[in-house]
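Read off the chains here:
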Amino acid sequence: MTNSADILRDTDRCVKCGLCLPHCPTYQINRNEGDSPRGRITLMQGLMQGALKDDATVRRHLEGCLGCRACETVCPSGVPFGDLMDATRRVLIPPPQPSGAIRGYLLSHSGARRVASGSLRLARGMGLGWLAGHLGNAQRPGMARNATFLADVTPPPRWPRTPSPVTATRGTVSLFTGCTAETFDGPTLEAAVQVLTRLGYEVVVPQGQVCCGAMDHHAGGVKDAAALARRNQAAFAGHEGPILSLNSGCRVHLHGAGGDGLGARVTGLCRLLADLDLTPLQLVDTPLKVAFHTPCTLRHGLGEADFMVALLQRLPGVTDVALPDNAFCCGGAGSRMLTDPRMADQLLAPKLEALEALAPDVLVTANVGCGLHLAAGIRRRGLTVPVLNPARLMATRLGPAAAIGPSSGHHPPQSPVR
Ligand code: SF4
Ligand code: SF4
């Protein structure tokens with residue numbers, strides 16, 4: 001979809017049946033037709049036909065979309081709502097983004113991301129998150145709320161690691177670190193390396209890889225996203241075999257526009273392990289109650305929620321339990337947990353209530369943004385449930401010789417990472 005005519009053609013597939021409305025989180029919260037998929041499609045049609053002005057009200061309704069794509073999953077007419085939203089943003093003049101240059105630099109330069117990671121680590125070490133939280137409580141509640149995200153940020157040590165003398169028998173996996181995991185969730189990257197190494201894979205971290213480009217793509221920055229895709233294509237071209245992305249949000253984009261030819265090789269951990277014998281992992285069988293959250297990108301974007309559930313059910317000793325309304329967005333929605341805290345917290349509240357009632361030992365999710373949002377909410381509610389990616393959960397279940405604890409993040413991987 002590149003122009004108004006393309007957008008109009010696809011919006012015409014909507015028969016205005018309204019079946020998507022009960023599944024749309026923004027409609028359920030706001031009860032406003034303009035905040036529903038059907039209403040947004042009508043607004044797109046009005047804009048593209050010139051019957052509506054691109055004013056603040058129209059933008060508020062369109063920009064209010066969380067991009068969860070739950071409407072796509074239930075739509076009987078196959079309306080490609082996510083693509084329509086992306087195309088509409090491209091056609092409309094993008095809003096000014098004063099931080100765009102800085103953000104672009106961070107997304108495309110691993111050195112700059114390492115500086116950002118180091119700053120986050122320093123901020124945590126100096127207790128700035130605690131300080132911001134307490135100052136914010138008195139003067140600025142928003143600052144206190146956003147400071148809770150700092151507590152769960154654990155950047156990884158510098159990549160790549162020194163190769164260790166392990167003989168791979170199963171083949172090579174190339175790890176797509178992604179700017180989010182590389183900055184916010186180092187332990188998950190290390191856990192994946194450890195699990196895959198135990199299974200006989202060699203894990204490589206191709207140099208020169210950059211952000212997947214999803215954030216630019218969804219904000220209308222198609223050229224910037226395409227430039228990032230080309231750089232990733234070049235970085236992974238010299239490495240054969242599957243490309244593992246641990247964040248479902250990145251993976252949706254890499255499968256589509258962001259793949260630039262790589263999409264067919266991109267996979268997730270639960271999918272990669274689906275048909276593998278897990279015996280070499282020597283998993284412990286101590287009882288563990290695991291609640292799981294299926295991110296919208298995993299459920300609606302990739303249609304792979306079942307792979308995560310199936311993997312959990314293969315882990316000895318694990319009792320898996322779904323969070324109620326797992327098909328409903330948690331409110332994380334990329335950066336929306338920061339930019340739209342009212343919506344984010346209203347959507348999160350029932351999940352936290354359910355979590356308190358279920359009292360699991362661990363909550364698992366496959367998206368780093370959802371994980372940060374859930375963990376921050378859990379902390380604000382006074383609960384102590386750790387939030388882990390499936391890779392980290394598996395690493396905690398490895399035999400004693402190579403286990404990674406949920407709170408540790410800097411064990412050298414037993415892996416030929418290069
Ligand atoms: S379910 Fe599909 S066809 Fe029906 S109103 Fe929603 S987008 Fe339109
Ligand atoms: S993508 Fe999600 S928030 Fe946006 S209209 Fe569809 S269901 Fe609603």
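This one's a predicted model, so the numbers in the text were calculated from it and none came from an experiment.

About the criteria used
- Throughout, a residue's number is its position along its own chain's written sequence, starting from 1.
- Throughout, the order in which chains and ligands are written sets their labels, letters from A for the former and numbers from 1 for the latter.
- Totals for whole chains, interfaces and linings use all residues, but because this is a predicted model, local features are given only for residues with pLDDT of at least 70 and pairs of side-chain atoms are given and counted only at 80 or more.
- Hydrogens are left out, water is left out, and the side-chain values use all remaining heavy atoms of the structure.
- Working definition: residue near molecule or strand if any one of its non-hydrogen atoms lies within 4 Å of it.
- Note on residue classes: Ala, Val, Leu, Ile, Met, Phe, Trp, Tyr, Cys and Pro are nonpolar, Asp, Glu, Lys and Arg are charged, and everything else, Gly too, is polar.
- The nonpolar core is taken to be a set of buried Ala, Val, Leu, Ile, Met, Phe, Trp, Tyr and Cys residues, with the residues joined through side-chain atoms within 4.5 Å.
- Accessibility here uses a 1.4 Å probe with only protein chains present; expressed as a share of the type maximum, an area under 20% marks a residue as buried, one over 50% as exposed, and anything in between as partly exposed.
- Numbering goes from the N terminus for both helices and strands, where a helix is a DSSP run of H or I of at least four residues and a strand is a run of E of at least two.
- Throughout the structure description, domain borders are defined by an automatic or database domain assignment.
- Note on pairing: two strands pair once DSSP finds at least 2 bridges between them.

A. Quick peek at the site of ligand 1. Neighbouring residues of ligand 1: Cys14, Val15, Lys16, Cys17, Gly18, Cys20, Arg38, Ile41, Cys75, Pro76 and Ser77. Of the residues in the shell around ligand 1, the class split is seven nonpolar, two polar and two charged.

B. Spatial organisation of the nonpolar core. Ranked by internal contacts, the top residues of the largest apolar core, which has 43 residues, are Leu196, Leu273, Leu393 and Met394. With six residues, helix H12 (residues 186–198) is the single largest residue contributor to this core. Summarising the domain contributions, this core has at least three residues from each of domain 3 (171–275) and domain 4 (281–400). Formed by 22 residues, the second largest nonpolar core is a distinct cluster that contains Cys71, Phe81, Met85 and Ala87.

C. View of the site of ligand 2. What surrounds ligand 2 is the set Cys24, Pro25, Thr26, Pro37, Arg40, Cys65, Leu66, Gly67, Cys68, Arg69, Cys71 and Phe81. Secondary-structure elements contributing two or more residues to the shell around ligand 2 are helix H2 (25–30) and helix H3 (37–49). Residue classes in the shell around ligand 2 are distributed as eight nonpolar, two polar and two charged.

D. Inspection of the sheet that holds strand E8 (residues 387–388) at higher detail. What the four strands build is an open sheet, ordered E6-E5-E7-E8; its pairing is parallel. Edge positions in the open sheet fall to strand E6 (318–322) and E8, since each of these has one partner strand only. In terms of strand pairing, strand E5 (residues 288–292) meets E6 through five bridges, oriented parallel. Considered in E6, the bridge of Lys289 is made with Thr319.

Honestly, it's all geometry; don't read function into it.
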